[in-house]
Amino acid sequence: MKNYKHEHKIMNENTAKLSLLAYNPVSFVETVVQDIRDCTQLRQEHEVMWINLDGVKDSKQVKKVGMYFDLHPLLIEDICNTNIRPKIEFYQDHIFVSLKMLSYQREEKNLFIEQVSLILGNNYILSFQEDIEGDVFEPIREKIRKQHNGKVRNSNAAYLFYSMLDAIVDGYTITLEDINEGLEKLEEEIIEKEAERNPTKELYEFRKKLKSVYKHINPVREISSVLLRTENDTMKSVQQLQKVHIYLQDVNDHTLQVIENAEAYIDATANLLDLYLSILSNKTNDVMKFLTIFSSIFLPLTFIAGVYGMNFEKMPELHFEYGYYAVWGLMLAIALGTYWYFKNKRLF
Amino acid sequence: MKNYKHEHKIMNENTAKLSLLAYNPVSFVETVVQDIRDCTQLRQEHEVMWINLDGVKDSKQVKKVGMYFDLHPLLIEDICNTNIRPKIEFYQDHIFVSLKMLSYQREEKNLFIEQVSLILGNNYILSFQEDIEGDVFEPIREKIRKQHNGKVRNSNAAYLFYSMLDAIVDGYTITLEDINEGLEKLEEEIIEKEAERNPTKELYEFRKKLKSVYKHINPVREISSVLLRTENDTMKSVQQLQKVHIYLQDVNDHTLQVIENAEAYIDATANLLDLYLSILSNKTNDVMKFLTIFSSIFLPLTFIAGVYGMNFEKMPELHFEYGYYAVWGLMLAIALGTYWYFKNKRLF
Amino acid sequence: MKNYKHEHKIMNENTAKLSLLAYNPVSFVETVVQDIRDCTQLRQEHEVMWINLDGVKDSKQVKKVGMYFDLHPLLIEDICNTNIRPKIEFYQDHIFVSLKMLSYQREEKNLFIEQVSLILGNNYILSFQEDIEGDVFEPIREKIRKQHNGKVRNSNAAYLFYSMLDAIVDGYTITLEDINEGLEKLEEEIIEKEAERNPTKELYEFRKKLKSVYKHINPVREISSVLLRTENDTMKSVQQLQKVHIYLQDVNDHTLQVIENAEAYIDATANLLDLYLSILSNKTNDVMKFLTIFSSIFLPLTFIAGVYGMNFEKMPELHFEYGYYAVWGLMLAIALGTYWYFKNKRLF
Amino acid sequence: MKNYKHEHKIMNENTAKLSLLAYNPVSFVETVVQDIRDCTQLRQEHEVMWINLDGVKDSKQVKKVGMYFDLHPLLIEDICNTNIRPKIEFYQDHIFVSLKMLSYQREEKNLFIEQVSLILGNNYILSFQEDIEGDVFEPIREKIRKQHNGKVRNSNAAYLFYSMLDAIVDGYTITLEDINEGLEKLEEEIIEKEAERNPTKELYEFRKKLKSVYKHINPVREISSVLLRTENDTMKSVQQLQKVHIYLQDVNDHTLQVIENAEAYIDATANLLDLYLSILSNKTNDVMKFLTIFSSIFLPLTFIAGVYGMNFEKMPELHFEYGYYAVWGLMLAIALGTYWYFKNKRLF
Amino acid sequence: MKNYKHEHKIMNENTAKLSLLAYNPVSFVETVVQDIRDCTQLRQEHEVMWINLDGVKDSKQVKKVGMYFDLHPLLIEDICNTNIRPKIEFYQDHIFVSLKMLSYQREEKNLFIEQVSLILGNNYILSFQEDIEGDVFEPIREKIRKQHNGKVRNSNAAYLFYSMLDAIVDGYTITLEDINEGLEKLEEEIIEKEAERNPTKELYEFRKKLKSVYKHINPVREISSVLLRTENDTMKSVQQLQKVHIYLQDVNDHTLQVIENAEAYIDATANLLDLYLSILSNKTNDVMKFLTIFSSIFLPLTFIAGVYGMNFEKMPELHFEYGYYAVWGLMLAIALGTYWYFKNKRLF
């Protein structure tokens, strides 16, 4: 996956990895494929075939797979271009969905974004991943490998398609919760430590990441609602979807919830910034008040001391027996009076 | 119910409590059920049966009930997952509604949120509550027990369903009014005491709670409007709703009002913060003005005193007969002049 | 009417006042009614009958009237509950509209809100007012009494219904203009007197009142647009509306305009607050600048005076013939230099 | 036209001026009319007749015209009431459009708003203007007078109607550009002169004017889109519109653009205020920094001078040979050190 | 192209340049045309003809071309008026699209906007560019010239039309990315250098440019979605569009993405301003704190020194053996105490 700051990993462009997972209720095959044409026979022997390609920068390999499955040139272009907006497209024989997988490192506060293209064909799934390593589909593979009575093994390709969408949307939820955890720590610090440290930059970074997440997951709302509205469609490609309609409803619910959460978290960063700035305004006001009270007490005193430090020949007070003590008394009276004034009039 | 900060109570996962309330105009039965299969006979003897399960963490019990009533596995999952977005789903034989019950402790300022799932079947209601203790349905139970001529006892399950929705939405109204009461106290304090105390954190907490409430009640708008739009539906499960259509309209009205109120209260927190910050800006300005006027008066005076404290051999003024008094006169003149200047020119 | 701060007047709950106004082009009857059943005969003799009940807290009376006119229990509940959101409901035989009458005391800045429920039946109007005293319908009564050739006397009940809606919406316009007048005075003061007085609280109060008004008049938009869309309806209760369709269009136009005005005035309070805060920021900046310039001039001078006030044995300058005058010259030079510096470099 | 501050010109209410312009491709007549009934014959002789009334305060004259052309009483009321929201209404025989003409004096910064009501009848146009002097239709009159081969002279009344709408919308564009010119001058001043002068009030005035313009032109969007959607209507009054459909599309485009511009300019005032306040914050920060650095340098120095100004009997330093010079050295060191400290650590 | 500040290049109005590019799969012709009528024959010999006119200020030439292709006078007006809102219009024989080409100079931070009008006729394209030099269509011309097996050469005029739209939208993407690059540099500076320099004006300029871009590209959303919704249209002019429907979908996707990006960048400028102002508030608070602590330490010390600088005859402390040292001790104690106080109580 790539960091959301668009730092692309350098990688050899010819290193796409093609793997295949074919299964029916009775058996399954998992293998790395060299030439896409090798899978023709496996396809006939199994109910569902899932071909996964890691590394779409290797556009040659993508094109080979695309041509084998008769994909439109524009569709192949969309697979290779890793900057496209999540979208869904219906073709006569297959459905194309492009979206992003998200993940987040809590310690380093890195957000990773990887584009994944899914194609649901008659009895196959093609998935094209931007990077070579890591995806959110491992639990599904495990289920296929181990649970031969499981729902996946006993269902059609559309169910696998649903499972993959579900895994991706679950990834969104986890990513958001991880980001939110950091945000809640920051909130606690601001509230309990009275905003000692300047949290502005951190808040800015959180907000930026959340907006980035939002931008990538918001279009999924359309995708999942389009998938739900296919009920009366006669296109061959969408008919198998109707068997998993209730599951797609589930994905749709999760998508709505995850988008609402993202909105709530973005809103929370704004509220936190407001909170911090309000506390800061309050502190600045307190500091000013302190300075003003302090100055109001000492400025007159220093002035009086200055007066009796003057060198005039004739200053009668200087020769009074208790002049010095009287001045101390005066200064004390002024200090206390000023203090009392601020205390009582609550002028500020 | 759980606190909105997601502090889950630890509880034994096998402690779900299953209770049953069956009635017809003539008689009613209220009992705790050990095995869901025991209720088969009661079901035949009474018009309406209401089965309530407290503690959905006990997923085994939930599953048992779910299988007895032939609920879809995804629906059972939704009942057990206490973090789902409020929603409504129509099945052939029943209607599923999931929403939140809210309550608020005014003293401790705690907001409690508990998920409740309602299923309206042919002549039964299932309700699944997140926690074991407390709900908003007690008044309904009282009516069933005591008013055998009452509307509930003499109506179908859909009327009970309406009554429960109504009780939940009433709970929203009460929760919001309780929160708002605290907000109004804060408003009074800010306005009357001129923002002596920093109310920022409290406002932040109120805002957060109101946003949390809003997030949970806003989706109910959809639910209640969907319930209203079922008039011409042929699904068996929704036909009984048509008999209580006018009551559902009532719930819808209440829902709209409670959501509008939540929006208004959220808006009020923002306005209050603006008010406080404006008052604070004003006070900071006043403090600065005071400091500036004070400094403007004493800085020149201290300077003059300093001048005549210098030790130059030849300073003619020092030897004047009335030099000292003249300087006092000068200083007084400066002080009064400055004061007059600020007073009249309203420079600031 | 009740104050928008929800201070309910204490009143005897049995004091509802029932009055009747029946008319046809030829004659009219106006009377206070003790028992609603007394009006049966009057109803037959006159084209249109308008029954008005003041004081809906007296729920017994409301129920009696409701039962006489065969109103649904939920509708009677809505009439007695003075906190419901403005709404319209269609029944087979009548149309129910609930909304608020508004009025404003310019001197005391009090906003009064009173709920009024209107029911348009076949040839009668029922109106239920929250309080006993005062309404906006007096001009209509006057027209009925005096203009026997007037449009009201010669039209059906729907025209009276329109007249009453129109009077209520006109009341909104007047209320808003009255509030706005206060707002414009405040604006003038802020602009001309350069924000001498802190207008924050007043602005906050205006904003709150305007939001309250907006909340009560915004739902009327729906009501009036629903009334317009009844053209092709076959319900008996709405057919008479079609004769006054062009008048309802008029009410709709007024409603739109009054809502737009409310939005504009709310927006104006925000702009005014921004204006005030900008002026305040400017003044704080000016005060700071003044203090800084003042300090920058006097701090060095006081320092120099302090230096030559030191008591070192050997300070050659003290013995110079013109030392004292030289220091004065130096200090003058510094003061002028600093002043010139600020004047010319416009550093701030 | 009236100033947007609602300062109505005092004028004699009986001074409405009625003028007539009738034309066909061959000839045209332009005359002032005393009695509306005089125009009956002219109407038969010419293809198109345009009757213009200046001064709708003279409601008697308006009514006479209205009755001659058989206008609905409510419509006549709308013509005389100069505070109505721009709107369109379809009658069997004519179309009624009410909107505002705008103009702006760049020097005095006055915005003028005048209501104009247009009625498109079978082969006539009625226009009712609020004030007596000035309108935006003069170029159209010129075209009618001089270009007998022109499009206006050779088209139906609907084309004249389009021309008038177009002239009004063009007036909006000009008004907005004139206001925007002032805004751009202010922007230049803020950016280049670093916000020397407080532009807050001016910005507030611009914003207020733009909002006023927006309020008056926004409803025109509806009017022009309604005019476009009349294509399949069978009402007699709208059929002639279909011949100028492409021209109405043009008006619609202009309207959309002028509304977008108004929104952009309103947005620009907000951005300019933000810019100014940011610059101001920066300046306040700079002033504070200057004061702090200055104080940090002089406070210690003055203190040291004060110390050696004390009169203790035993102060060894005072008797040192180079004590005075040492103190100067110390003070210089402190001053330079503080300066260096601020310069290097960039503490602020 | 013209700078977005509306500085129009002065140019001779008779300098429109008319060029022609006609092609079929076998051959192509590229020539400058003097008289539009010369192209009649070329039109018959080639599948597709593209006539490009640079410099629409030369309205005579535009009119000649327009009349040759039988364009509506209003359409010709729209071509010559370079300030119109992007729009699409359908005529019986052709489709008219008007939009803007954008480009950006990264160094000089200049945004250029040029209007371009496209007309898709039966087997021809007309393009009218505002300025004489430079456009975004050069790569398309290259493809036509060199790739005789290419998709353009072998497709109809609608494909060329798509290619041109695509090139324009690609230009938007590049422009936005170029602007965003500058914005990211500014962001880095604000975050890393702690807002040393005031970035307000630069941010304001970026925001203004982005808003200008947004204003010009947002209406393209409508255009491209209208182009997609033409599927079932029977108009001759739109039928050829159906062959490139999938490509238009592609343009639509790009448009949506570029608009979303523009919104995100505008939002980013607001967030950056907030970040800067928060950092600035923090710094002001720090400066104030520093000044206050510094003053709180030195004001009392200076006062004490002043006290013992007084010239009273009887001041016992002055004669104490260690009076001077005791005072130093006192002053040190006060200084340390104050420091300790601020350090420990975290009063601010």
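This is a predicted model, so every value here is computed, not measured. (Residues numbered from 1 in each chain as written. Chains lettered and ligands numbered in written order. Predicted model: local features only at pLDDT ≥ 70, side-chain atom pairs only at ≥ 80, totals over all residues.)

Draft legend 1. Spatial organisation of the relation of the copies chain B and chain C. Of the transformation placing chain B onto chain C, the axial shift is 0.0 Å and the rotation is 72°, giving an RMSD of 0.1 Å. In the structure described here, the two chain copies are related by an operation that fits a five-fold rotation axis. Closest approach to the rotation axis within chain B is made by the C-alpha atom of Gly309 of chain B, at a distance of 4.6 Å. (Least-squares fit on C-alpha atoms with pLDDT ≥ 70 in both.)

Draft legend 2. Spotlight on the domain arrangement of chain A. Taken domain by domain, chain A comprises domain 1 (2-279) and domain 2 (284-345). If you average the C-alpha positions of domain 1 of chain A and of domain 2 of chain A, the two centres end up 74 Å apart. (Domains from an automatic or database assignment.)

Draft legend 3. Up close: the packing of helix H6 (residues 200-228) of chain D against helix H8 (residues 245-307) of chain D. All names here are of chain D. In the contact formed by H6 and H8, the axes pass within 9 Å of each other and the chain directions differ by 155°. Comparing the axis directions of H6 and H8 gives the class roughly antiparallel. For the element pair H6 and H8, the recorded crossing hand is left-handed. Taken together, the residues of the contact of H6 with H8 break down into 19 nonpolar, seven polar and three charged. (Axes fitted to C-alpha atoms, helices over the stretch in contact; angles between N-to-C directions. Helix = DSSP H or I, 4+ residues; strand = E, 2+ residues; numbered from the N terminus. Parallel < 35°, antiparallel > 145°, perpendicular 65-115°, else oblique. Left-handed = near helix turned anticlockwise from the far one by under 90°. Nonpolar A, V, L, I, M, F, W, Y, C, P; charged D, E, K, R; others polar.)

Draft legend 4. How the structure looks around the interface of chain B and chain C. Residue-level contacts link 37 residues of chain B with 37 residues of chain C. For the side of chain B that touches chain C, the element with the most residues is helix H8 (residues 245-307) of chain B, which contributes 28 residues. The class makeup of the residues in the side of chain B that touches chain C is 16 nonpolar, 14 polar and seven charged. (Contact = placed C-beta atoms within 7 Å.)

Draft legend 5. Spotlight on the pairing of strand E7 (residues 110-120) of chain B. Residues and elements named next belong to chain B. Buried residues dominate E7, accounting for nine of its 11 residues. Bridge count between strand E6 (residues 95-105) and E7: 11 bridges; the pairing is antiparallel. By the bridge assignment for E7, Val97 is matched with Leu118. Counting the residues in the hairpin turn of E6 and E7 gives four residues, including Lys109, whose phi is positive at 55°. With five bridges connecting them, E7 and strand E8 (residues 124-129) associate as antiparallel partners. By the bridge assignment, Leu118 is partnered in E8 with Ser127. Count of turn residues in the E7/E8 antiparallel hairpin: three residues. (Buried ≥ 20, exposed ≤ 12 C-beta atoms within 10 Å, placed from the backbone. Pairing = 2+ DSSP bridges.)

Draft legend 6. Geometry of unusual backbone geometry. Residues and elements named next belong to chain A. With a phi angle near 65°, Asp70 is a residue other than glycine that sits in the positive phi range. Along the chain, Asp70 turns up in the loop between helix H2 (59-68) and helix H3 (73-80). Under the C-beta neighbour-count criterion, Asp70 is labelled exposed, with 11 such atoms within 10 Å.

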